[in-house]
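Architecture at a glance
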Amino acid sequence: MDGQSYKLPDSLAAAVKQQIEDWRASDKVRRLWQRDASLWTNSDEASWLGWLDVVAQQQANLQDLQKFSQEIKKENFTSVLLLGMGGSSLCPEVLSKTFGPIPGFPELHVLDSTDPAQVKATGQKVDLAKTLFIVSSKSGTTLEPNIFKQYFFEKVQQAIGAEKAGSRFVAVTDPGSKMEKVAQSDHFRGVFHGVPSIGGRYSALSDFGIVPAAAMGLDLAKFLARTKEMVEACGAAVPVEQNPGAMLGIVLGSCAVNGRDKVTIITSPGIYDLGAWLEQLLAESTGKQGKGIIPVDREALSAPEVYGKDRVFAYLRLESGPDAQQDAKVSALEKAGQPVVRISLRDTYDLGQEFFRWEIATAVAGSIIGINAFNQPDVEASKVATRNLTSEYEKTGSLPAEKPVLEEDGIKLFTDGKNAEALAKVAGNHKSLAGYLRAHLDRLHAGDYFALLAYIEMNAEHEQLLQKLRDTVLHKKHVATCLGFGPRFLHSTGQAYKGGPNSGVFLQVTCDDSIELPVPEQKYTFGVVKAAQARGDFQVLTERGRRALRVHLSRDLKGALERLAGIFHQALA
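Heads up: these notes are all about the structure in this document. Since we're looking at a predicted model, the values are computed, not measured. (Residues numbered from 1 in each chain as written. Predicted model: local features only at pLDDT ≥ 70, side-chain atom pairs only at ≥ 80, totals over all residues. Heavy atoms only, no water.)

With respect to the overall build of the protein chain
Selection rule: The numbering of helices and of strands both runs from the N terminus, where a helix is a DSSP run of H or I of at least 4 residues and a strand a run of E of at least 2. In this treatment the radius of gyration is a C-alpha quantity, and the globule benchmark scales as 2.2 Å times the residue count to the 0.38 power. Relative accessibility under 20% of the residue-type maximum defines a buried residue, over 50% an exposed one, and the middle range a partly exposed one, all with a 1.4 Å probe and only protein chains included. Any two residues whose heavy atoms approach within 4.5 Å are treated as being in contact. Here the Shrake-Rupley method, with its probe set to 1.4 Å, supplies the accessible areas, and only the displayed protein chains count as covering residues. His is not counted, nor are the chain ends; Lys and Arg add positive charge and Asp and Glu add negative charge. To locate a charge, take atom NZ for lysine, CZ for arginine, CG for aspartate or CD for glutamate.
Along the backbone of the protein chain there are 22 helices and 16 strands. Its C-alpha radius of gyration of 23 Å places the protein chain within 12% of the 25 Å reference for a compact globule of 573 residues. Considered along the principal axes of its C-alpha atoms, the protein chain spans approximately 70 × 65 × 45 Å. Looking at the protein chain as a whole, 62% of its 573 residues are labelled buried. If you take every contact in the protein chain between residues at least 6 apart in sequence, the share linking residues at least 24 apart comes to 79%. Total accessible area computed for the protein chain in this model is approximately 20900 Å², and 48% of it derives from carbon and sulfur atoms. Of the side chains in the protein chain, 65 bear a positive and 68 a negative charge, and the two mean positions are spaced by 2 Å.

What about the sheet that holds strand 11 (residues 406-408)?
Heads up, the condition is: Strands were regarded as paired on the criterion that DSSP finds at least two bridges between them. Here, axes are lines fitted to C-alpha atoms. For helices the fit covers the stretch in contact, and angles between N-to-C directions go from 0 to 180 degrees.
Within the open sheet, the six strands sit side by side as 11-12-16-15-13-14. Their pairing is mixed. The sheet terminates laterally at strand 11 and strand 14 (480-485), the two strands that pair on one side only. Each adjacent strand pair in this sheet contributes to an overall mean axis angle of 15°, direction not counted. Set on the sheet, helix 19 (residues 460-477) makes contact with strand 13 (449-454) and strand 14; between it and strand 14 the angle comes to about 160°.

What to know about helix 6 (residues 116-125)
For clarity, the threshold we go by: Working note: the arc is built from the helix axis to C-beta atom directions. Within 3.5 Å is the distance limit for a polar contact, defined as a pair of N or O atoms, with the added protein rule that one can donate a hydrogen and the other accept it, and that residues adjacent in sequence qualify only through two side-chain atoms.
Taken residue by residue, helix 6 has Pro116, Gln118, Val119, Thr122 and Gly123 as its buried positions. Within helix 6, the buried residues cover an arc of 165° as seen down the axis, which keeps them to one side. For helix 6, the exposed residues lying more than 90 degrees away from the buried face are Gln124 and Lys125. Buried residues along helix 6 sit in contact with strand 2 (79-83), strand 3 (107-111), helix 7 (143-160) and helix 21 (526-543). Measuring from the side-chain oxygen of the N-cap residue of helix 6 to the backbone nitrogen of Ala117 gives 3.1 Å; that N-cap residue is Asp115.

Details of the packing of aromatic side chains
Here is the rule: Pairing of aromatic side chains requires ring centres within 6.5 Å, counting the rings of Phe and Tyr and the six-membered ring of Trp. Pairs whose planes differ by under 30 degrees are stacked, by over 60 edge-to-face, and all others tilted.
Applying the stated criterion to the full structure yields 24 aromatic pairs. Arranged with centres 4.9 Å apart and planes meeting at 65°, the rings of Phe68 and Phe192 form a pair that is edge-to-face. One end of the pair, Phe68, is in helix 4 (residues 62-74); the other, Phe192, is in strand 6 (residues 190-193), with 124 residues separating them in the sequence. With a relative accessible area of 18%, Phe192 lands in the buried category. For the pair Tyr455 and Phe489, a centre-to-centre distance of 5.7 Å together with 70° between the ring planes defines the contact as edge-to-face. Placement of Tyr455 in the loop between strand 13 and helix 19 and of Phe489 in the loop between strand 14 and helix 20 (494-499) is noted, with a sequence separation of 34 residues between them.

Section: the pairing of strand 16 (residues 547-553)
To keep things clear, this is the line we draw: With strands facing away from the observer, any crossover in which the path from the first strand over the helix to the second runs clockwise is taken as right-handed.
Most of strand 16 is tucked away: seven of the seven residues are buried. Neither face of strand 16 is exposed, since Arg547, Leu549, Val551 and Leu553 on one face and Ala548, Arg550 and His552 on the opposite face are all buried. Assessed by its sense of winding, the connection that carries the chain from strand 15 (residues 504-511) through helix 21 to strand 16 is right-handed.

Here's the deal with the nonpolar core
Condition: Only buried residues count toward a nonpolar core. Its members are Ala, Val, Leu, Ile, Met, Phe, Trp, Tyr and Cys residues joined through side-chain atoms within 4.5 Å.
Core analysis: the largest hydrophobic core is formed by 95 residues, its most contacted members being Trp51, Leu95, Trp277, Phe355, Phe356 and Trp358. Of all the elements, helix 15 (residues 351-369) adds the most residues to this core, at eleven residues. Listed in part, the 40 residues of the second largest apolar core include Ala434, Val473, Cys511 and Ala571.

Quick look at unusual backbone geometry
Pro487 follows Gly486 through a cis peptide bond whose omega is 5°. Summarising the element assignment, Pro487 is placed in the loop between strand 14 and helix 20. Of note in this structure, Asn76 is not a glycine but carries a positive phi near 60°. Its location among the elements puts Asn76 in the loop between helix 4 and strand 2. If you check the backbone angles, Gln289 has positive phi at about 55° while not being a glycine.

Details of the environment of Phe133
Inspection of the secondary structure assignment puts Phe133 in strand 4 (residues 131-136). A sequence separation of 116 residues divides Phe133 from Lys17, and the C-alpha atoms of the two residues are 49 Å apart. Among residues more than four places away in sequence, those in contact with Phe133 are Leu81, Leu83, Leu128, Phe152, Val156, Arg168, Phe169 and Val170.

Quick notes on the sheet that holds strand 2
Taken in spatial order, the five strands make up an open sheet running 3-2-4-5-6, and their pairing is parallel. Of all strands in the sheet, those bounded by a partner on one side alone are strand 3 and strand 6. For this sheet, the mean inter-axis angle between neighbouring strands, taken without regard to orientation, is 20°. Bridging between strand 2 and strand 4 involves five bridges; their strand directions are parallel. Across the sheet, the residue bridging to Leu83 is Val135, located in strand 4. Its contacts with the sheet place helix 9 (residues 178-185) against strand 4, strand 5 (169-173) and strand 6, and it is angled at close to 160° to strand 5.

Here's the deal with the packing of helix 11 (residues 220-233) against helix 15
Inclusion rule: For a crossing to be left-handed, the near helix must be turned anticlockwise from the far one by less than a right angle; the clockwise case is right-handed. Residues were grouped as follows: Ala, Val, Leu, Ile, Met, Phe, Trp, Tyr, Cys and Pro as nonpolar; Asp, Glu, Lys and Arg as charged; and all remaining residues, including Gly, as polar.
Contact geometry for helix 11 and helix 15: axes closest at 7 Å, N-to-C directions at 30°. The handedness of the crossing between helix 11 and helix 15 comes out as right-handed. Where helix 11 abuts helix 15, its residues Phe223, Arg226, Thr227, Glu229, Met230 and Val231 lie against Leu351, Gly352, Gln353, Phe355, Phe356 and Arg357. Of the residues in the contact of helix 11 with helix 15, the class split is six nonpolar, three polar and three charged.

Structural notes on the pairing of strand 9 (residues 311-318)
Of all eight residues making up strand 9, eight are buried, and the element is well covered by its neighbours. Neither face of strand 9 is open: one carries Arg311, Phe313, Tyr315 and Arg317, the other Val312, Ala314, Leu316 and Leu318, and all of them are buried. Across six bridges, strand 9 lies against strand 10 (residues 340-345) in parallel orientation. Among the inter-strand pairings, Leu316 is bridged to a residue of strand 10, identified as Ile343. Between the parallel pair strand 9 and strand 10, the chain is carried across by helix 14 (residues 324-335), and the sense of this crossover is right-handed.

Observations regarding the packing of helix 5 (residues 90-99) against helix 13 (residues 274-286)
Inclusion rule: Should an angle lie under 35 degrees it is considered roughly parallel, over 145 roughly antiparallel, and from 65 to 115 roughly perpendicular; all remaining angles are considered oblique.
Contact geometry for helix 5 and helix 13: axes closest at 8 Å, N-to-C directions at 165°. Compared by their axis directions, helix 5 and helix 13 come out roughly antiparallel. The hand of the helix 5/helix 13 crossing is left-handed. Side by side, helix 5 and helix 13 meet where Leu90, Cys91, Glu93 and Val94 of the first sit next to Leu274, Ala276, Trp277 and Gln280 of the second. Considered class by class, the residues forming the contact of helix 5 with helix 13 number six nonpolar, one polar and one charged.

What follows is the structure, encoded as structure tokens:
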């Protein structure tokens with residue numbers, strides 16, 4: 001457990017020392033393990049700490065999990081497709097992208113987007129007749145997993161017959177949920193239960209993470225034994241200074257309350273997707289009441305002079321596959337006086353340790369920041385706005401009409417009245433796409449961050465184009481930059497964007513869909529759901545007084561993104 005260190009400027013080091021003394025004197029780590037809600041806001045926090053004991057429970061249940069793993073192997077499935085969102089999908093995605101296909105077992109794929117092109121592309125990656133589907137939803141009422149299930153259940157019925165379809169599905173859900181009832185009525189091959197006292201983003205080591213891990217053939221005995229080492233290292237009796245989870249949380253929390261609230265995540269190439277899971281844990285847990293941590297994932301590492309004084313860098317280094325360039329750049333950041341936390345992973349089987357280390361750290365940081373680290377009040381606001389729009393569509397057959405503030409070269413700009421007025425005033429006589437974008441990006445100041453919120457298919461080509469845009473902003477404006485694909489980020493960083501510090505400047509990207517996919521048993525389609533989610537998201541951002549602009553692109557998405565990149569360069573020239 002000695003693979004963690006930190007180097008901080010003197011003022012931050014003093015703040016961390018003060019917090020260590022406070023946590024030691026007030027016996028706060030023991031109180032955390034005793035589920036003492038007064039560490040946070042003294043509300044319902046004690047009801048959400050089931051994750052503290054879940055590794056021991058999984059080890060006790062290991063035989064059943066291994067039996068399930070062997071059953072899946074014997075049936076010669078070629079793929080497992082997990083259907084979920086947020087806490088139900090991000091840990092499985094990390095495991096899938098980190099471990100890849102394991103010989104003799106089916107390959108794990110994850111669907112967490114309502115973008116019709118992405119739903120279709122995901123379906124084309126698998127052989128429906130040889131795929132096990134895991135429908136994963138804690139509450140059982142989350143919109144996306146339910147419509148994913150409807151879509152693929154119908155497809156499987158068509159492929160292998162209605163009487164066999166249920167045998168290709170399992171559910172992971174809390175006991176007694178609506179999803180459990182659906183699973184029973186559709187004769188799923190099994191239901192695995194979540195723990196009601198574990199929230200979605202803390203559920204990686206519960207069945208929401210471990211059942212997909214079993215299906216893809218992970219060595220669960222080894223994975224859980226490694227993870228147990230971290231559980232013990234973070235235990236109640238371990239002195240604060242020797243407790244890796246508590247120390248990481250104290251550093252992150254101290255940085256956040258002292259103006260360094262952008263945690264920039266740097267991961268070795270072999271564990272590159274871990275940041276997607278960390279984003280949700282940090283943002284959704286801490287970003288509320290105008291406070292919180294803004295995670296920055298997969299931003300290209302640059303020279304020290306590019307960065308301001310609002311960051312702390314967390315470098316997760318895979319000892320079995322380090323990157324020499326990352327090593328050099330992180331060392332340069334340290335020499336320049338930037339705060340840096342270093343964490344070493346022996347190999348990929350240490351991932352479970354990171355899940356637990358960061359869960360403890362996030363709970364500790366949340367206590368220091370002074371918020372409830374286990375609720376997500378602003379996520380629900382977007383869901384309500386989306387439900388209102390999809391209900392409207394079910395009644396009338398269309399979403400409410402919209403009027404752009406500008407249309408040029410097949411690209412439309414939308415925003416609310418307050419933002420439109422502010423942007424028009426700054427744009428002055430330059431009321432063009434470049435003029436409006438320049439006015440919007442000129443609202444970025446020291447300590448702010450820029451977030452691209454892209455409701456388009458998440459694929460390598462689109463990500464590469466959008467990464468170039470954020471890189472341009474980083475180097476021109478010297479602010480932290482984020483990139484999220486919608487709707488998945490709504491269940492992740494969306495909480496912090498709406499409820500955290502009002503330091504974000506948001507550019508939402510939407511598009512006309514090139515294909516449309518129906519949702520069985522509904523009037524609305526996947527494209528309508530995605531459009532409603534984007535509009536609901538934008539509505540709540542503007543209701544919260546955020547600086548937000550929406551760019552709507554045509555069906556020729558690649559060409560439109562390239563045009564947008566050209567306009568970006570013009571706006572930042």
